[in-house]
Amino acid sequence: MCIRDRSIGDNFAVVCTESIDSENRESVLESLKQTHEVIEVSLEQAEQGFCANILQVSNQKGDKFIAMSDSAYKKFTEQQLSILSKHGKIIHASLPTIEEIGGGSARCMLCEVFLQRNSA
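Everything quoted here is computed from the prediction, not taken from an experiment.

Here the focus is the nonpolar core. Membership of the largest hydrophobic core comes to 17 residues, with the highest contact counts inside it found for F12, V14, V41, I54, M68, F76 and L84. Counting only elements with at least two residues in this core, the list comes to β2 (12-15), β5 (64-69) and α4 (78-85). Of all the elements, α4 adds the most residues to this core, at three residues. Of all hydrophobic cores here, the second largest spans six residues; its members include A13, I20, L29 and V38.

Bridge analysis of strand β4 (residues 55-58) against β5 gives four bridges, and the strand direction is antiparallel. Bridge pairing links L55 to A67 in β5. The antiparallel hairpin formed by β4 and β5 contains five residues in its connecting segment, where G62 sits at a positive phi of about 95°.

Rules used throughout
- Residues numbered from 1 in each chain as written.
- Predicted model: local features only at pLDDT ≥ 70, side-chain atom pairs only at ≥ 80, totals over all residues.
- Heavy atoms only, no water.
- Core = buried A, V, L, I, M, F, W, Y, C linked by side-chain atoms within 4.5 Å.
- Buried < 20%, exposed > 50% of the residue type's maximum accessible area, 1.4 Å probe, protein only.
- Helix = DSSP H or I, 4+ residues; strand = E, 2+ residues; numbered from the N terminus.
- Pairing = 2+ DSSP bridges.

As structure tokens, this is what we get:
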């Protein structure tokens, strides 16, 4: 099963604070807030809506996008979507098979590549 309690982009972090033990919650949030805009989601948003199972991606031009499922899109509040849209164009798709049978969502289906592009 895919991790569903956090998703970290270049300058934002979606975090389900309810899933962080109370002893560490403040230190985790303070650490993230030093470098990222933190968007807190509820346990319901994370577990039922896959709101923390999103991924920031970019194209060859450097344009940023936030990939998520329709379930996540519908569970985010307007305010949360507004914040996310500052970090990339939101794209969402229906992923019921992945979410209901696979236990994951958009981020689980995508591969992150951190290699530098070969100039050859």
